[in-house]
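Examination of the molecular architecture
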Amino acid sequence: MDGMDRSILKCLSENSRRSATEISQTVHLSVAAVIERIRKMERGGIIRQYTVILDQHKIGNDVTALMEVSLEHPRYYDGFTEIVNANPGIVACDYLTGDYDFMLRIQTKSSETLEQIHRVIKNIQGVSATKTYFVLKEVKCGAAAADDV
């Protein structure tokens, strides 16, 4: 990956719907070359998916919470992550170092639905502790900038 690939990624990270023609004009490369570089980055797994960032409040998810989770032992990792991946209210899960093993980002309709998710998490075999934080306001949201690659 070179500087040109990073420039293309920057364009896509700002708006993944930008056409190859628009990107080619920005990075001063032919459309065919831009398309080939994008396809190569897709095949190589650098570009994993194209997505949208939703306004959670406008789609009815008025509660955002972060939940730290500890497991008793690493042998519970697979079972835990399987349940987390199956739960649509859990929109992100990071495996951590430190006092807790995981950080979950939960986006849901209400405190009642958050409580339901909390009960599911607490009942997963091997979960030894949780700590939950309500998000008051989202200050920044988005993917990593291509400059950081």
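In this text the structure is predicted, and so the values were computed from the model without any measurement.

Conventions used here
Residues numbered from 1 in each chain as written. Predicted model: local features only at pLDDT ≥ 70, side-chain atom pairs only at ≥ 80, totals over all residues. Heavy atoms only, no water. Helix = DSSP H or I, 4+ residues; strand = E, 2+ residues; numbered from the N terminus. Rg over C-alpha atoms; globule rule 2.2 N^0.38 Å. Contact = heavy atoms within 4.5 Å. Areas by Shrake-Rupley, 256 points an atom, 1.4 Å probe, with all protein chains shown as cover. Lys, Arg positive; Asp, Glu negative; His and termini not counted. Charge placed at Lys NZ, Arg CZ, Asp CG, Glu CD. Salt bridge = Lys/Arg side-chain N within 4 Å of Asp/Glu carboxyl O. Buried < 20%, exposed > 50% of the residue type's maximum accessible area, 1.4 Å probe, protein only. Pairing = 2+ DSSP bridges. Axes fitted to C-alpha atoms, helices over the stretch in contact; angles between N-to-C directions. Core = buried A, V, L, I, M, F, W, Y, C linked by side-chain atoms within 4.5 Å.

So, about the overall build of the protein. The helix and strand tally for the protein stands at five helices and four strands. In the protein, the succession of helices and strands from N to C terminus is α-α-α-β-α-β-β-α-β. Computed over its C-alpha atoms, the radius of gyration of the protein comes to 19 Å, more than 25% above the 15 Å expected for a compact globule of 149 residues. Considering only residue pairs separated by 6 or more positions, the protein has 64% of its internal contacts joining residues 24 or more positions apart. Accessible surface, the protein as shown: approximately 10,100 Å² in total, 49% of it carbon and sulfur. Separation of charge centres in the protein, based on 18 positive and 20 negative side chains, amounts to 4 Å.

With that out of the way, let us pick up the pattern of salt bridges. Scanning the model with the defined rule gives seven salt bridges in all. Of the charged contacts in the structure, one is a salt bridge between Glu 36 and Arg 43, with a shortest N-O distance of 3.2 Å. A relative accessible area of 41% means that Glu 36 is categorised as partly exposed. The exposed category is assigned to Arg 43, whose relative accessible area is 59%. Between Arg 119 and Glu 115 there is a salt bridge; the shortest N-O distance is 3.0 Å.

Here the focus is the sheet that holds strand S3 (residues 102–108). In spatial order, the strands read S2-S3-S1-S4; together these four strands make up an open sheet with antiparallel pairing. Both outer strands of the open sheet, strand S2 (90–95) and strand S4 (127–134), are each paired with one neighbouring strand and no more. Recorded for the sheet is a direction-independent mean angle of 20° between the axes of neighbouring strands. Pairing of strand S1 (residues 63–71) with S3 involves seven bridges; the strand directions are antiparallel. Among the inter-strand pairings, Leu 66 is bridged to a residue of S3, identified as Arg 105. Strands in contact with helix H5 (residues 111–122) are S1, S2, S3 and S4; relative to S4, the strand with the most contacts, it is inclined by about 160°.

Tracing the chain through its elements places Thr 130 in strand S4. Its relative accessible area of 18% is what places Thr 130 among the buried residues.

Counting buried positions along S1 gives eight out of nine residues, so the element sits mostly inside the fold. Relative to S4, S1 runs antiparallel, the two sharing seven bridges. Bridged to Leu 66 within S4 is Tyr 133.

Two elements, S2 and S3, share five bridges in a ladder whose sense is antiparallel. Considered in S3, the bridge of Ala 92 is made with Arg 105. Linking S2 back to S3 in an antiparallel pair, the connection comprises six residues, with Gly 98 at a positive phi of about 110°.

In this section: the nonpolar core. Note on soluble globular proteins: their nonpolar side chains tend to be buried together. Membership of the largest hydrophobic core comes to 17 residues, with the highest contact counts inside it found for Val 69, Phe 80, Ile 90, Leu 104, Ile 106 and Ile 121. Going through the elements one at a time, S1, helix H4 (77–86), S3 and H5 are the ones with two or more residues in this core. Sorting elements by how many residues they give to this core places S1 first, with five residues. Contacts of Ile 121, omitting those with residues within four sequence positions, involve Met 67, Val 69, Phe 80, Val 84, Ile 90, Leu 104, Val 127 and Thr 130. Membership of the second largest hydrophobic core comes to eleven residues, among which are Ile 8, Leu 9, Ala 20 and Met 41.

Let us now look at the side chain of Thr 64. Tracing the chain through its elements places Thr 64 in strand S1. Thr 64 sits in the buried class, given a relative accessible area of 10%. Setting aside its immediate chain neighbours within four residues, Thr 64 contacts Arg 105, Ile 106, Gln 107, Tyr 133, Phe 134 and Val 135.

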